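What follows is the residue order along each chain.
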Amino acid sequence: MDVSNQDWMSAVPEELWDIPLTELAIPGSHDAMSYCLDINSPLLRSESDVFRLLDKLFYCFTRPIIFKWATTQDKSIEEQLSKGIRFFDLRVAHKPNDLSDDLYFTHIVYTHLTVLKTLECVAYWLNSHPKEVVILACSHFEGMDDECHELFISCLKKLFGSKLCPRKESVLSLRSLWASGYQVILSYDSQLVARHPQLWPAIPYWWANKKTAQEVINYLDWKKDLGRPEGFFVSGLNLTAPRAYIAKNPKESLRTLTYSNWECLRKWVEEQKPGSDPNSLNIIAGDFVGPLPLCSLVIALNHKLRPKSSTQMKKQY
């Protein structure tokens, strides 16, 4: 396994230690947990009635197709961390008719792994990498009522403890976070954020909802022209194929679509820059972040933040 970027934050040049994380280039994983989808689990209740009926009638036909197009990652969360991923798009839900408190991740269907077991792995990994900071973006929350939310939030607080960076933290630089021992920024897409100072609000995600690299790039460039949001935000490189396209191209998958468009996306990423300028980028997320070199590309953009007088880095971070 390539672990050359597993401690990239600790290797950032000292002149960047005081730059806010919101102005650094940070690699992200879109639908980070879709590597462990349970093909036999029920469809999400939010899926359309027509799609649910088709799945019921033609289960043996629909399930392989769902698996091919819902799988956006193929590396475990520990492997993604070691690759350099520091933003994780985590879609959380409670299964229908499940009497337990267990929560699962979702993308059309549910995962094998439970949420807490997975996040325990993240906490364990962070213990071994004390200068690495992760942004966990929890969202969707299908099938969860307030009681379920509060129980989940309580578990998150207990699991990450003093690693959780409170949202009132005014300085989000690496130097400041290291000094305080903060390693987790926990974004929670719910109004319940107001009750819990350890939770951060939802992070804007620029999603093109397009199937070609050029369409995605056109959308992201349009968003850039409108100016960057305050705080964290994500530029999504992920492609989305409409169901009509999927039906007409039975031999294709999200993987083949992503790979065939990668070169165009790669060139665009190389041209981007982090920082505070209105057209700068922050988190850049994509699919199949293990086999594709997204992490190295995004991390390298931070070179552009170094003062021009700085000597050339001898070591890649």
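From a predicted model like this one, the values you see are computed outputs, not experimental measurements. Think of each chain on its own: its residues are numbered from 1, step by step along the sequence as written. Thresholds applied to this predicted model are a pLDDT of at least 70 for local features of residues and 80 or more for the giving and counting of side-chain atom pairs; totals over whole chains, interfaces and linings are not thresholded and use all residues. Side-chain figures throughout are based on the complete set of non-hydrogen atoms in the structure, without hydrogens or water.

(A) Looking closely at the packing of aromatic side chains. Any pair of Phe, Tyr and Trp rings, taking the six-membered ring for Trp, is counted once the centres come within 6.5 Å. Such a pair is stacked with planes under 30 degrees apart, edge-to-face with planes over 60 apart, and tilted for the rest. Here the structure, examined in full by the defined rule, presents eight aromatic pairs. Considering the side-chain rings of phenylalanine 152 and tyrosine 188, the 6.1 Å spacing of their centres and the 40° angle between planes classify their relative orientation as tilted. Residue phenylalanine 152 is located in helix α5 (residues 146–160), and its partner tyrosine 188 is located in strand β6 (residues 184–188); the two are separated by 36 residues in the primary sequence. Note on exposure labels: buried denotes an accessible area under 20% of the residue type's maximum, exposed denotes more than 50%, and partly exposed covers the range between, all computed with a 1.4 Å probe on protein chains only. Relative accessible area serves as the criterion here: at 0%, tyrosine 188 is assigned to the buried category. An aromatic cluster of three or more residues is present, and its members are Phe141, Phe152 and Tyr188. Charge-over-ring placement is defined geometrically: NZ (Lys) or CZ (Arg) within 6 Å of the ring centre, and within 35 degrees of the ring normal. One Lys or Arg, lysine 131, reaches over the ring of tryptophan 178 and ends 4.5 Å from the middle of that ring. In this text, helices come from DSSP runs of H or I with a minimum length of four residues, and strands from runs of E with a minimum of two, each type numbered from the N-terminal end.

(B) How the structure looks around the packing of helix α7 (residues 213–225) against helix α9 (residues 254–270). Axis angles are defined between N-to-C directions and span 0 to 180 degrees, where every axis is a line fitted to C-alpha atoms and, for a helix, only to the segment in contact. Between α7 and α9, the shortest axis-to-axis distance is 9 Å and the interhelical angle comes to 25°. Our classification of the angle between α7 and α9 gives roughly parallel. Every pair of crossing elements has a handedness; the one defined by α7 and α9 is right-handed. Judged by residue contacts, Ala213, Gln214, Val216, Ile217, Leu220, Asp221 and Lys224 of α7 engage Asn261, Cys264, Leu265 and Trp268 from α9. Here roughly perpendicular refers to angles of 65 to 115 degrees, roughly parallel to angles under 35, roughly antiparallel to angles over 145, and oblique to all remaining angles. For a crossing to be left-handed, the near helix must be turned anticlockwise from the far one by less than a right angle; the clockwise case is right-handed. Throughout, a residue-residue contact means that at least one pair of heavy atoms, one from each residue, lies within 4.5 Å.

(C) Examining the pattern of salt bridges more closely. What counts as a salt bridge is simple: a side-chain nitrogen of Lys or Arg found within 4 Å of a carboxyl oxygen of Asp or Glu. Enumeration over the complete set of coordinates arrives at eleven salt bridges. One salt bridge in this structure joins arginine 306 and glutamate 15, with 2.7 Å as the shortest N-O distance. Within this pair, whereas arginine 306 is found in the segment after α10 (294–300), its partner glutamate 15 is found in the segment before β1 (26–29), the two being separated by 291 residues in sequence. Residue classification places glutamate 15 among the partly exposed residues on the basis of a relative accessible area of 33%. Ionic contacts of the salt-bridge type, sharing partners, join the residues Asp31, Asp89 and Arg91 into one network.

(D) Looking closely at empty space enclosed by the protein. Cavity: a set of points on a 1 Å grid over the protein atoms alone where a 1.4 Å probe fits but cannot get out. Pocket: an open set with protein on both sides within 12 Å along at least five of seven lines, its lining residues, like those of a cavity, having an atom within 4 Å of a point. Grid points are joined across faces, edges and corners, and a volume is the space filled by probe spheres set on the points. Applying the stated criterion to the full structure yields one cavity of 30 Å³ or more. Here the largest cavity defines a volume of roughly 60 Å³. Looking at the lining of the largest cavity residue by residue, the class counts come to six nonpolar, three polar and one charged. Ten residue types, Ala, Val, Leu, Ile, Met, Phe, Trp, Tyr, Cys and Pro, are classed as nonpolar, four, Asp, Glu, Lys and Arg, as charged, and the remainder, Gly among them, as polar.

(E) Structural detail: α5. In a helix, the anticipated span is given by 1.5 Å times the number of residues less one. Here α5 spans 21 Å end to end across 15 residues, near enough to the 21 Å set by a 1.5 Å rise per residue. All of the buried residues in α5 are Cys148, His149, Phe152, Ile153, Leu156 and Phe160. Summarising the axial view, the buried residues of α5 lie within an arc of 130°, below the 170-degree limit, and thus occupy one face. Of the residues in α5, the exposed ones pointing more than 90 degrees away from the buried face are Glu147 and Lys158. Where α5 is buried, its residues touch β2 (87–93), α4 (115–128), β5 (134–142), β6 and β7 (199–200). Residue glycine 161 follows α5 closely and has a positive phi angle near 50°. Note that the arc is defined by the directions from the helix axis to the C-beta atoms.

(F) Region of interest: a negative patch on the surface. Only residues whose relative accessible area exceeds 30% and that take part in no salt bridge are eligible for patches, with like-charged residues grouped when within 9 Å of each other and nonpolar side chains (Val, Leu, Ile, Met, Phe, Trp, Tyr) grouped when within 5 Å. Computed with a 1.4 Å probe, the accessible areas rest on the Shrake-Rupley method; for each residue, only the protein chains presented here act as cover. Think of it this way: Lys and Arg go in the positive column, Asp and Glu in the negative one, and His and the chain ends go nowhere. For the purpose of locating charges, the reference atoms are NZ of Lys, CZ of Arg, CG of Asp and CD of Glu. Together, Asp101, Asp102, Asp145 and Glu147 make up a region of like negative charge exposed at the surface. A relative accessible area of 36% means that aspartate 102 is categorised as partly exposed.

(G) Spatial organisation of the nonpolar core. Side-chain atoms within 4.5 Å link the members of a nonpolar core, which is a set of buried Ala, Val, Leu, Ile, Met, Phe, Trp, Tyr and Cys residues. If you look at the biggest cluster of nonpolar residues, it comprises 91 residues, and the most contacted ones within it are Phe160 and Tyr188. Here phenylalanine 160 is in contact with Leu119, Val122, Ala123, Leu126, Leu136 and Val184, once residues within four sequence places are set aside. The next biggest cluster of nonpolar side chains, apart from the first, holds seven residues, and it includes Leu37, Leu43, Ile66 and Ala70.

(H) Just unusual backbone geometry, in detail. Located in the positive-phi region is asparagine 97, a residue other than glycine, with phi close to 65°. One non-glycine residue with positive phi stands out, namely phenylalanine 288, at about 50°. The residue phenylalanine 288 is located in the loop between β10 (283–286) and α10 in this model.

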